[in-house]
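Each chain is listed here by its residues.
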There are 2 protein chains.
Amino acid sequence: MSAIETIQFNDTGMVPAIAQDHITGEILMMAWMNKEALSLSIETQQAVYYSRSRQKLWFKGEESGYSQEIIEIFTDCDHDVILLKVKQNGGIACHTGRANCFFNKLENDKWISIADVIKDPKEIYG
Amino acid sequence: MSAIETIQFNDTGMVPAIAQDHITGEILMMAWMNKEALSLSIETQQAVYYSRSRQKLWFKGEESGYSQEIIEIFTDCDHDVILLKVKQNGGIACHTGRANCFFNKLENDKWISIADVIKDPKEIYG
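Residues numbered from 1 in each chain as written. Chains lettered and ligands numbered in written order. Predicted model: local features only at pLDDT ≥ 70, side-chain atom pairs only at ≥ 80, totals over all residues.

Caption draft 1: Structural view of the nonpolar core. Core analysis: the biggest nonpolar cluster contains 66 residues, and Ala17, Ile18 and Leu84 of chain A together with Ala17, Ile18 and Leu84 of chain B have the highest contact counts within it. If we skip the residues at most four places from it in the chain, alanine 17 of chain B touches Met30, Ala31, Trp32, Met33, Tyr49, Ile82 and Leu84 of chain B. (Core = buried A, V, L, I, M, F, W, Y, C linked by C-beta atoms within 7 Å. Buried ≥ 20, exposed ≤ 12 C-beta atoms within 10 Å, placed from the backbone. Contact = placed C-beta atoms within 7 Å.)

Structure representation (structure tokens):
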């Protein structure tokens, strides 16, 4: 049985995928994969997700250029989460132009942005 | 508006939550929270998840003793994923008795376990 066949996709055919910088351990983002996205990620060693909002495959960096080169792939004890250790090209993983998506820190019942925008999204996607 | 009110729970009332070691950056596990679990996590600064299989709140470590002390809480750009930076008590996050849940590494189309069991689950939960 191939490795993909053991993955537990949910009832909409998706599995969560965490992208982590392979050197620093920084968590870059979490997105979703369907079976095809996971298969393509393994085959190409470039992160491919499934955009639930656009309802299509999302080749990370296809618009922004900020692709993710896969160094290692893991799954968890239940085979229902994927972890990609990646090299983030361009150093920007977030569509807001920040290095990673987890920049909202809880402080006194408010989410405070703790990371600077590296590049204006208008320039990235414009 | 309180911070919890801005979180985008999915249509079953859940949000994915990643637990990461606050010092090493090691990703320990991914689980789910409903609004009550997130509220209790913030209030107690101990990780509380929602067990979808048992359909009840899961106070991490309630059986195993391996609780997670929350150091920092983040959410992502879309406010639909939670990241907990934690201190993992006992050094075992996974119910298999391993340090973390992401011990299955993809190699040649197979998942290879790369982490040793620190403590037999029969001893942890027995």
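Caption draft 2: Highlighting the relation of the copies chain B and chain A. Between the two copies, chain B and chain A, the superposition gives an RMSD of 0.0 Å; the rotation angle is 180 degrees and the shift along the axis is 0.0 Å. Both copies are brought into coincidence by an operation consistent with a two-fold rotation axis. Rotation axis and chain B: the residue whose C-alpha lies nearest the axis is glycine 25 of chain B, separated from it by 2.5 Å. In this assembly, 97% of the residues forming the interface of chain B have copies in chain A that are likewise at the interface, indicating an isologous arrangement. (Least-squares fit on C-alpha atoms with pLDDT ≥ 70 in both.)

Caption draft 3: A look at the interface of chain B and chain A. Taken together, the contact between chain B and chain A spans 32 residues of the former and 31 residues of the latter. At the level of secondary structure, the elements contributing two or more residues to the side of chain B that touches chain A comprise strand E1 (15–21), strand E2 (27–33), strand E5 (68–75), strand E7 (104–107) and strand E8 (110–113) of chain B. Per-element accounting of the side of chain B that touches chain A gives the leading share, four residues, to E5 of chain B. Across the side of chain B that touches chain A, the residue classes tally to 17 nonpolar, nine polar and six charged. As paired strands, strand E5 (residues 68–75) of chain A and E7 of chain B are joined by two bridges and run antiparallel to one another. Note on E7 of chain B: the bridge partner recorded for phenylalanine 74 of chain A is lysine 105 of chain B. (Helix = DSSP H or I, 4+ residues; strand = E, 2+ residues; numbered from the N terminus. Nonpolar A, V, L, I, M, F, W, Y, C, P; charged D, E, K, R; others polar. Pairing = 2+ DSSP bridges.)

Caption draft 4: The sheet that holds strand E2 (residues 27–33) of chain A, seen in detail. Pairing is mixed in the open sheet, where six strands are placed in the order E2(A)-E1(A)-E6(A)-E5(A)-E7(B)-E8(B). In the strand order of this sheet, the two ends are held by E2 of chain A together with E8 of chain B, each with one partner. Within this sheet the neighbouring strands show an average axis-to-axis angle of 35 degrees, counted without direction. As defined by bridge partners, E7 of chain B adjoins E8 of chain B across four bridges and the pair is classed as antiparallel. Bridged to leucine 106 of chain B within E8 of chain B is tryptophan 111 of chain B. Packing against the sheet, helix H1 (residues 35–44) of chain A makes contact with strand E1 (15–21), E2, E5 and strand E6 (82–88) of chain A together with E7 of chain B, and its axis sits at approximately 125 degrees to E2 of chain A. (Axes fitted to C-alpha atoms, helices over the stretch in contact; angles between N-to-C directions.)

Caption draft 5: The arrangement of H1 of chain A in detail. Residues and elements named next belong to chain A. Taken together, the buried positions of H1 are Ala37, Leu38 and Ser41. Axial view of H1: buried residues confined to an arc of 100 degrees, hence all on one face. Close packing links the buried residues of H1 with E1, E2, strand E3 (48–51), strand E4 (56–59), E5 and E6. One or two positions beyond H1, positive phi appears at glutamine 45, with a value near 60 degrees. (Arc of directions from axis to C-beta.)

Caption draft 6: Representation of the sheet that holds E2 of chain B in the model. Strand order in this open sheet of six strands is E8(A)-E7(A)-E5(B)-E6(B)-E1(B)-E2(B), and the pairing throughout is mixed. This sheet does not close on itself; its edge strands, each paired only once, are strand E8 (110–113) of chain A together with E2 of chain B. Neighbouring strand axes in the sheet, compared pairwise and without regard to direction, differ in orientation by 35 degrees on average. Here helix H1 (residues 35–44) of chain B sits on the sheet in contact with strand E7 (104–107) of chain A together with E1, E2, E5 and strand E6 (82–88) of chain B, set at roughly 125 degrees to E2 of chain B.

Caption draft 7: The pairing of E2 of chain A, seen in detail. Residue and element names in this part refer to chain A. Along E2, seven of the seven residues are buried, which leaves the element largely enclosed by surrounding structure. Taken together, the six bridges between E1 and E2 define a ladder with antiparallel strand orientation. Across the sheet, the residue bridging to alanine 17 is alanine 31, located in E2. Between E1 and E2, which follow one another and run antiparallel, lie five residues, and glycine 25 among them has a positive phi close to 80 degrees.

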